[in-house]
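Okay, here's what each chain looks like letter by letter:
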Amino acid sequence: MTTPSTSSSESKPRDADNWAPRASSLRLGAVPSGALKLNVHGKQAVSPLQGFGSMWQKTYRVRLKGVSVLPTGVIKVWKEHFPEFWPKGNHFYGPLTGIAPGEVGLINMDVGPATLSTGVLVLYADEESFTFMTPQGHIFAGWITFSAHEEDEGVVAQVQVLIRANDPIYEIGFRLGASKSEDRFWQNTLKGLSAYFGVEDAEVETQAICVDRKVQWSQASNVWHNAAIRSTLYLMATPVRAPLRRMRKRNRQRPTSAAQ
Amino acid sequence: MPPAKVTLGVRQVSARASIIDVQGEVTAFAENALMEAYIKANGPSTRVFILNFNGLEYMNSSGIGLLVTLLIRINRQKQRLFVFGLSDHYRHIFELTRLSDAIKMYEGEPEALDAAHIP
């Protein structure tokens, strides 16, 4: 009698297809022209453990009152229309194949007078939730989970972040007010989602828990990847970059004289 | 909140180390059970907590978040967190989510206990 083999491939876990496949760094696909495509390709995804600042868990919830929809229906819509629910001035260029495990999205955000280019990895996705993981240089290191569930005979849509500011500059920004801006960002996102389902002026509940007050000085060097700084420097160099490119192209095309 | 589909057994193998045996699903709904197991496993001299994932059947991204908050709580007390019994799939998840940077993974219980310096 042969003993059946018990290799892991034969007992595939229920969540096997929900997680991103193995990847050492993010790879960005095609994006629309006009999008600023920086600080994504080749970056590593980071968890809150690799961030610098205090660790926060923030939960934003909205009840879809009077809406006859299942949690799976909410997530389906959210995935399909994700960029449309983002507040004005911020752009999410999603993967052409949609929000699916392993895909990478590009983000262009207005941060004061500057434009910040960064992205996200779709770490996990199932029928009732999906989770983004941020790359090096993003404002924060961590995970953002979008989910929907039934509660008290209704459906609640939720955004939950578990994050640290990625570097000291972002942490200073958080403490000086960027944290409130982030709250408004996700509150407005949920209001946009609610409006899609016909719920106007939805009330968003917000809960913030400081999981770890200590900053991680060992991660201060993350500032090297700071996407806000890199995006700003790139844009500042734009007036110089185009003429330089033209000059190099002319030099390459110039016929070389034959050796005498 | 729906009931958690997880059972967590606690074994205090020595004054220094405790093992939490995970059977079932680690999702957001497992939070209360996991925190209760941590409290139960935390003896007066406990320095190392070891999660046994041989019985892990399912984990989503919220479950990973739970492990991070547990890790922070343990580290705050200057204690350590190890794991063993991860299948290839869940080992990949730990690496993908960078949890492996902060939580040591071992093949089996003997290796984890050796690392915790249990005779």
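Worth saying up front: this structure is predicted, and the values here are computed from it rather than measured.

### Some words on the overall build of chain A
Helix and strand counts for chain A come out as four helices and nine strands. For chain A, the N- to C-terminal ordering of α and β elements is β-β-α-β-β-β-β-β-β-α-β-α-α. Reported as C-alpha extents along the three principal axes, the dimensions of chain A are approximately 85 × 65 × 40 Å. Across the 260 residues that make up chain A, the buried fraction comes to 38%. Excluding contacts between residues fewer than 6 apart, the proportion of contacts in chain A whose partners are at least 24 apart in sequence is 67%.

### Some thoughts on the sheet that holds strand E1 (residues 6-12) of chain B
All names here are of chain B. One open sheet accounts for five strands, arranged E1-E2-E3-E4-E5; its pairing is mixed. Every interior strand has two partners, whereas the edge strands, E1 and strand E5 (104-106), have only one. With strand direction ignored, the average angle separating the axes of adjacent strands in the sheet is 25°. By the bridge criterion, nine bridges tie strand E2 (residues 17-26) to strand E3 (residues 48-59) in an arrangement that is parallel. Each bridged residue has a counterpart across the sheet, and for Asp-21 the counterpart in E3 is Asn-52. The sheet contacts of helix H3 (residues 88-96) involve E3 and E5, and relative to E3 the element is tilted by about 115°.

### Concerning unusual backbone geometry
With the exception of glycine, most residues fall at negative phi, and the peptide bonds are largely trans. Residues and elements named next belong to chain B. If you check the backbone angles, Lys-78 has positive phi at about 60° while not being a glycine. Along the chain, Lys-78 turns up in the loop between helix H2 (61-76) and strand E4 (80-84). Phi at Arg-98 takes a positive value of approximately 65°, unusual for a residue other than glycine.

### What about the interface of chain A and chain B?
Taken together, the contact pairs 25 residues of chain A with 20 residues of chain B. When contributions to the side of chain A that touches chain B are tallied by element, the ones reaching two or more residues are strand E5 (114-125), strand E6 (129-135), strand E7 (140-151) and strand E9 (204-212) of chain A. Of the residues in the side of chain A that touches chain B, the class split is 13 nonpolar, seven polar and five charged.

### Overview of the nonpolar core
Within soluble globular proteins, side chains that are nonpolar tend to cluster in buried spots. By size, the foremost hydrophobic cluster in this structure holds 95 residues, and its most contacted members are Leu-121 of chain A together with Ile-50 of chain B. If we ignore the near neighbours within four places in the chain, the residues touching Leu-121 of chain A are Ala-20, Leu-26, Ala-45, Val-104, Phe-132, Met-133 and Pro-135 of chain A.

### Structural notes on helix H4 (residues 238-253) of chain A
The terminal C-alpha atoms of H4 of chain A, which comprises 16 residues, lie 23 Å apart, in line with the 22 Å expected from a rise of 1.5 Å per residue. With zero of 16 residues buried, H4 of chain A lies mostly on the surface of the structure.

### Quick word on helix H1 (residues 31-41) of chain B
Residue and element names in this part refer to chain B. Taken residue by residue, H1 has Leu-34, Ala-37, Tyr-38 and Ala-41 as its buried positions. One side of H1 carries all its buried residues, which in axial view fall inside an arc of 100°. Counted as exposed and oriented over 90 degrees from the buried face of H1: Asn-32, Glu-36 and Ile-39. Lining the buried residues of H1 we find E1, E2, E3 and H2.

### Thoughts on the pairing of E4 of chain B
Residue and element names in this part refer to chain B. Burial within E4 is extensive, with four of its five residues counted as buried. Where E3 meets E4, five bridges bridge the pair, whose relative direction is parallel. Counted as the bridge partner of Leu-51 is Val-83 from E4. This β-α-β element, E3 to H2 to E4, shows right-handed connectivity. Where the polypeptide runs from E4 across H3 and back to E5, its parallel neighbour, the crossover connection is right-handed.

### Observations regarding the confidence of the model for chain B
Overall, the prediction assigns chain B a mean pLDDT of 94, with 97% of residues at 70 or greater. Across the assembled chains, the prediction reports ipTM 0.92 with pTM 0.90.

What counts as what
Residues numbered from 1 in each chain as written. Chains lettered and ligands numbered in written order. Predicted model: local features only at pLDDT ≥ 70, side-chain atom pairs only at ≥ 80, totals over all residues. Helix = DSSP H or I, 4+ residues; strand = E, 2+ residues; numbered from the N terminus. Buried ≥ 20, exposed ≤ 12 C-beta atoms within 10 Å, placed from the backbone. Contact = placed C-beta atoms within 7 Å. Pairing = 2+ DSSP bridges. Axes fitted to C-alpha atoms, helices over the stretch in contact; angles between N-to-C directions. Nonpolar A, V, L, I, M, F, W, Y, C, P; charged D, E, K, R; others polar. Core = buried A, V, L, I, M, F, W, Y, C linked by C-beta atoms within 7 Å. Expected span 1.5 Å × (residues − 1). Arc of directions from axis to C-beta. Right-handed = clockwise from strand over helix to strand, strands pointing away. pLDDT = per-residue confidence, 0-100.

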